[in-house]
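# Analysis of the macromolecular model
Below, each chain spelled out in residue letters.
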Amino acid sequence: MNHVVIYTDGACKGNPGPGGWGVLLKSGSFEKELFGGELGTTNNRMEMMAVIEALTALKRPCQVTLFLDSEYVRKGITEWIHGWKAKGWKTAAKQPVKNAELWQRLDALVSTGGHQIEWRWVKGHAGDPGNERADALANMGVEKALGRR
């Protein structure tokens, strides 16, 4: 199984507002960068889209070390999702889960992709080179969404 290191980040100018996501994938000497964005979105949605796009880019099962600065995404996929699914995509307060369609997409990628994923939180804007690059790519995604790229 190939080992892939992935850094993801999301950005939003206003929340909601125009947003972007960025991904840095590394495997051995190979590197790939991805970014995109959309108008009228939220930071949490862009954080999720970064992880979704990163896992979608993997063409075969991999051993993945995934670095992200979003506790919302990390805890959502490793802890909270089990309860949401058991409660029919409702929170403990019986409210609909926000971004349920993205959680469902991410859950499908995680559960059917055959990947072994280690979820690692990294402090954002703290000088980690991979996180800083993912942040720059996410900001390029904002520019793309605004038609400036």
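Our subject in this report is the structure included herewith.

## Observations regarding the pairing of strand β2 (residues 17-27)
Among the 11 residues in β2, 9 count as buried, and that is most of the element. Two strands pair when backbone bridges link them, and strand β1 (residues 2-12) and β2 are joined in this way by 8 bridges, in the antiparallel orientation. By the bridge assignment, T8 is partnered in β2 with V23. The hairpin turn running from β1 into β2, its antiparallel successor, is 4 residues long, and G14 in that turn takes a positive phi close to 95°. In terms of strand pairing, β2 meets strand β3 (residues 30-41) through 10 bridges, oriented antiparallel. Bridging from a neighbouring strand, V23 pairs with L34 of β3.

## Details of the sheet that holds β3
The strand order across the open sheet built from 5 strands is β3-β2-β1-β4-β5, with neighbouring strands paired in mixed fashion. Each end of this open sheet is capped by a strand with a single partner; those strands are β3 and β5 (116-121). Put simply, the sheet's adjacent strands are angled 20° from each other on average, direction ignored. Relative to β1, helix α1 (residues 43-57) is tilted by about 155°, and along the sheet it contacts β1, β2, β3, β4 (62-68) and β5. Those strands touched by helix α2 (residues 71-86) are β4 and β5, and its axis lies near 140° from that of β5.

## Observations regarding the layout of surface pockets
The calculated volume of the largest pocket comes to roughly 240 Å³. As for the largest pocket, its lining consists of N2, V4, L25, S27, F30, K32, A57, L58, K59, R60 and C62. If you list the elements that add at least two residues to the lining of the largest pocket, you get β1, β2 and β3.

## Looking at unusual backbone geometry
Residue P16 follows N15 across a cis peptide bond; omega there is 15°. Mapped onto the elements of the fold, P16 is located in the loop between β1 and β2. Not every positive phi belongs to a glycine, and K94 is a case in point at roughly 65°. Relative to the elements of secondary structure, K94 occurs in the loop between α2 and α3 (100-112).

What counts as what
- Residues numbered from 1 in each chain as written.
- Predicted model: local features only at pLDDT ≥ 70, side-chain atom pairs only at ≥ 80, totals over all residues.
- Heavy atoms only, no water.
- Buried < 20%, exposed > 50% of the residue type's maximum accessible area, 1.4 Å probe, protein only.
- Helix = DSSP H or I, 4+ residues; strand = E, 2+ residues; numbered from the N terminus.
- Pairing = 2+ DSSP bridges.
- Axes fitted to C-alpha atoms, helices over the stretch in contact; angles between N-to-C directions.
- Contact = heavy atoms within 4.5 Å.
- 1 Å grid on protein atoms, 1.4 Å probe; cavity = no way out; pocket = protein on both sides within 12 Å on 5 of 7 lines; lining within 4 Å.
- Points joined across faces, edges and corners; volume = space filled by probe spheres on them.

That is the geometry; function is a separate question.
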